[in-house]
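The residues making up each chain are set out below.
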Amino acid sequence: MKNTFGNQFSVTIFGESHGEAIGVVIDGLAAGIHLDMDFINAMMDKRKAKGRISTQRKESDALHIVSGYFEGYTTGTPLTILIENTNTRSGDYTKTKNRLRPSHADYTADVKYSGYQDYRGGGHFSGRITAPLVAAGAIAMQVLQQKGILIGSHIAQCHTIKDQPFAQEEELLEQQLRQMNASDFAVLDETAAQAMRTQMEEAAMQGDSVGGILESAILHLPAGIGEPFFDSMESRLSHLLFSVPAVKGVEFGLGFAFCDRYGSEVNDAIIYDGKVKTRTNHNGGINGGISNGMPVLIKTVIKPTPSIYKEQDTIDKETHEAVKLTIQGRHDPAIIHRARIVVDAVLAIGILDMLMERSATMEMQK
């Protein structure tokens, strides 16, 4: 299993949804970094289930740092964080364990691990495993913020309801990112936010679920970060984003909207305004796989939660007979409002790793 990402800032996740604990090992952190636990806990809180628009499984997500941290500072050795699972109801999955849940990893996991995987709550494939990712991302984000780099996302669309887009002006965009990072439900237009919540609640009452699109921005990233071809900034960040459960699409800048435009319409004119920049930002802050100093703009598609309470068609994995499935347990009618902090976290992990690589290269050139 490949559960490690990163070359300089390395993150390894482990655990299962209903196991004793989940967690993360972070390697590559320099010694002497002060960790703001209030900031990390605030990030963790944004991922937690809240109200009728989330699962009723409530976990405290208390972080237990068991190595690499002493008297408030990193030691430079691997930093290990454990998060206990304290509110599992494994019996909800026992009765239907042979009935493959549509759009879940039940079948693919069974084939890959020859039936030895922990199936309860989705096991290692569960969105529960994003909790340690957020913890690691919060640490990465602290380091980036000290360098002036800001990351944030909002719900650009939930099912049929759209939010207003991020601003193109960098000063206003920075204000919006700070507003989103302080919000539990990251939407710029409060009218749209209320409509989205209503739509989520209606889906829950119908035993169904909804998905949407997250729009993310990375601000004040210096030019020159990333590598051409196989380790391009798009490649690395997409790798991380597609590791988040329920992500089914990623685009940078205009993305798929490039398809019906002329080059003359979408080429970003280069200007000098105290620094080299572009007049427009259709390419989303990246050229040739390398940051150009403009805001990095990304959209991520989150599919509707596959765990729904409507009766569905499937098969029994042992007999191969067609059966009906009505799931048990506690599930989200939408995860996009919780997934946005996971997206922010993996973007921070990827950017810090690439920034550290760039710093190492520049140091060798001296």
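Each remark here, short or long, concerns the structure printed above.
Residues numbered from 1 in each chain as written. Predicted model: local features only at pLDDT ≥ 70, side-chain atom pairs only at ≥ 80, totals over all residues. Heavy atoms only, no water.

(A) Just the overall build of the chain, in detail. Along its length, the chain carries 9 helices and 18 strands. Taken against the 2.2 N^0.38 rule, which gives 21 Å for 366 residues, the C-alpha radius of gyration of the chain at 21 Å falls within 12% of a compact globule. Expressed along its principal axes, the backbone C-alpha trace of the chain runs to roughly 65 × 50 × 35 Å. For the chain, the residues scored as buried account for 50% of the 366 residues in total. Long-range pairs, those at least 24 residues apart, make up 72% of the contacts in the chain between residues at least 6 apart in sequence. Of the roughly 17,700 Å² that the chain leaves accessible, carbon and sulfur atoms contribute 52%. Placing the 36 positive and 44 negative side-chain charges of the chain at their respective mean positions leaves the two points 3 Å apart. (Helix = DSSP H or I, 4+ residues; strand = E, 2+ residues; numbered from the N terminus. Rg over C-alpha atoms; globule rule 2.2 N^0.38 Å. Buried < 20%, exposed > 50% of the residue type's maximum accessible area, 1.4 Å probe, protein only. Contact = heavy atoms within 4.5 Å. Areas by Shrake-Rupley, 256 points an atom, 1.4 Å probe, with all protein chains shown as cover. Lys, Arg positive; Asp, Glu negative; His and termini not counted. Charge placed at Lys NZ, Arg CZ, Asp CG, Glu CD.)

(B) Molecular detail of the sheet that holds strand S4 (residues 63-67). Here 5 strands make up an open sheet; going across it, the order is S1-S2-S3-S7-S4 and the pairing antiparallel. Looking along the sheet, the strands with just one partner apiece sit at the ends: strand S1 (4-5) and S4. Where S4 lies against strand S7 (residues 79-84), 4 bridges are found, and the strand directions are antiparallel. Across the sheet, the residue bridging to Leu63 is Ile83, located in S7. Sheet strands touched by helix H1 (residues 37-47): S4 and S7. Its angle to S4, the strand with the most contacts, is close to 130°. (Pairing = 2+ DSSP bridges. Axes fitted to C-alpha atoms, helices over the stretch in contact; angles between N-to-C directions.)

(C) A look at the nonpolar core. With 74 residues, the main nonpolar core has Ile218, Met233, Leu237 and Ile298 as its most contacted residues. Per element, the largest residue contribution to this core is 14 residues, and it comes from helix H9 (residues 336-365). Grouped together as the second largest cluster of nonpolar side chains are 9 residues, Leu150, Phe166, Met180 and Ala217 included. (Core = buried A, V, L, I, M, F, W, Y, C linked by side-chain atoms within 4.5 Å.)

(D) Representation of helix H4 (residues 130-146). With 17 residues, H4 should cover 24 Å at 1.5 Å per step; its first-to-last C-alpha distance of 24 Å lies within 8% of that length. For H4, a buried count of 15 out of 17 residues is recorded, marking the element as mostly surrounded by other parts of the structure. Immediately downstream of H4, the backbone of Gly148 shows phi near 85°, a positive value. (Expected span 1.5 Å × (residues − 1).)

(E) Molecular detail of a nonpolar patch on the surface. A contiguous nonpolar surface patch, about 400 Å² in accessible area, is contributed by Ile270, Tyr272 and Val276. Among the structural elements, Val276 can be located in strand S13 (residues 276-278). (Patch = residues over 30% accessible without salt bridge, like charges linked within 9 Å, V, L, I, M, F, W, Y side chains within 5 Å. Salt bridge = Lys/Arg side-chain N within 4 Å of Asp/Glu carboxyl O.)

(F) Seen up close, the packing of H1 against H4. Axis separation between H1 and H4 bottoms out at 9 Å; the angle between their running directions is 135°. Accordingly, the angle class assigned to the pair H1 and H4 is oblique. In this structure, H1 crosses over H4, and the sense of that crossing is right-handed. Contacts between H1 and H4 involve Phe39, Ile40, Met43, Met44 and Arg47 from the former and Thr130, Ala131, Val134, Ala135, Ala138, Ile139, Met141, Gln142 and Gln145 from the latter. Taken together, the residues that form the contact of H1 with H4 break down as 10 nonpolar, 3 polar and 1 charged. (Parallel < 35°, antiparallel > 145°, perpendicular 65-115°, else oblique. Left-handed = near helix turned anticlockwise from the far one by under 90°. Nonpolar A, V, L, I, M, F, W, Y, C, P; charged D, E, K, R; others polar.)

(G) Here's a closer look at unusual backbone geometry. The phi angle at His220 is positive, at roughly 70°, despite the residue not being glycine. The topology assignment puts His220 in the loop between strand S10 (212-219) and helix H7 (233-241). For His320, which is not glycine, the phi torsion reads 65° and is therefore positive. Along the polypeptide, His320 turns up in the loop between strand S17 (312-315) and strand S18 (322-325).

(H) Here's a closer look at the sheet that holds strand S11 (residues 247-252). Read from one edge of the open sheet, 5 strands run S9-S8-S10-S16-S11, paired in antiparallel fashion. Lying at the two open borders of the sheet, with one neighbouring strand each, are strand S9 (161-162) and S11. As judged from the 2 bridges shared by strand S8 (residues 150-158) and S9, these two strands associate in the antiparallel manner. Paired with Cys158 across the bridge in S9 is Ile161. The sheet strands contacting H7 are S10, S11 and strand S16 (296-302), and the helix crosses S11 at an angle near 160°.

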